[in-house]
Amino acid sequence: SEGVRLDRTSAGPGKVFHYFYTIIDDEQARIIASRPSRQKEIIQQLNERVCAMMPNYVHNGVVVKYHMKTRIDVSLLEIIVDPGACVSRQTAR
């Protein structure tokens, strides 16, 4: 997304894959930090993205963790996407 930089990724321990992002748009970082509704939107978007676009992760039970921080290294969000939730949503439909 515009205003967001992927800094690095890492795997482990176990079946966990990490994405580390920096929100480089200071205004967006402020909005994320101050608005729980915006945080919920991001959480929903990332959950949907993992479930729809990462079938190998879901199939193999890989937990995806997103770590987001500001340009001055202040933590904004840590989002954990459990692949079990994706499978539950698919069977519920």
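The model shown is predicted, which means the values in this text are computed figures rather than measured ones. (Residues numbered from 1 in each chain as written. Predicted model: local features only at pLDDT ≥ 70, side-chain atom pairs only at ≥ 80, totals over all residues. Heavy atoms only, no water.)

## Side note on the packing of aromatic side chains
Then, in step 1: Tallied over the entire structure, the rule returns five aromatic pairs.
Then, in step 2: Ring centres 5.3 Å apart and planes at 15° place the aromatic pair Tyr19 and Tyr66 in the stacked group. With Tyr19 in strand S2 (residues 16-23) and Tyr66 in strand S3 (residues 63-70), this pair connects stretches of sequence that are 47 residues apart.
Then, in step 3: Tyr19 gets classed as buried once you look at its relative accessible area, which sits at 13%.
Then, in step 4: Its relative accessible area of 2% is what places Tyr66 among the buried residues.
Then, in step 5: Between Tyr21 and Tyr66, the ring centres sit 6.2 Å apart and the planes meet at 20°, which makes this aromatic pair stacked. Taken together, the residues Tyr21 in strand S2 and Tyr66 in strand S3 connect sequence positions 45 residues apart. (Phe/Tyr/Trp six-rings, centres within 6.5 Å; stacked < 30°, edge-to-face > 60°. Helix = DSSP H or I, 4+ residues; strand = E, 2+ residues; numbered from the N terminus. Buried < 20%, exposed > 50% of the residue type's maximum accessible area, 1.4 Å probe, protein only.)

## Focus: the packing of helix H1 (residues 26-34) against helix H2 (residues 36-53)
Then, in step 1: Put simply, H1 and H2 touch, their axes get as near as 5 Å, and they point 100° apart. Considered as vectors, H1 and H2 are oriented roughly perpendicular to each other. For the pair H1 and H2, contact is made by Gln28, Ile31, Ile32, Ala33 and Ser34 and by Pro36, Arg38, Gln39 and Ile42, respectively.
Then, in step 2: Per-class residue counts for the contact of H1 with H2 are five nonpolar, three polar and one charged. (Axes fitted to C-alpha atoms, helices over the stretch in contact; angles between N-to-C directions. Parallel < 35°, antiparallel > 145°, perpendicular 65-115°, else oblique. Contact = heavy atoms within 4.5 Å. Nonpolar A, V, L, I, M, F, W, Y, C, P; charged D, E, K, R; others polar.)

## So, the side chain of Thr22
Then, in step 1: Relative to the helices and strands, Thr22 resides in strand S2.
Then, in step 2: Dropping the residues within four chain positions of it, Thr22 is found in contact with Gly3, Val4, Arg5, Asp7, Lys69, Thr70 and Arg71.

## Some points on the pattern of salt bridges
Then, in step 1: In this structure the tally under the stated criterion is six salt bridges.
Then, in step 2: Arg30 is the salt-bridge partner of Glu27, the closest N and O atoms lying 2.5 Å from each other. In this pair, Glu27 and Arg30 are both assigned in helix H1, three residues apart and thus about one turn of the helix distant.
Then, in step 3: Assessed through its relative accessible area of 41%, Glu27 is described here as partly exposed.
Then, in step 4: Given the relative accessible area of 43%, Arg30 is considered partly exposed. (Salt bridge = Lys/Arg side-chain N within 4 Å of Asp/Glu carboxyl O.)

Just distances and angles here, no functional claims.
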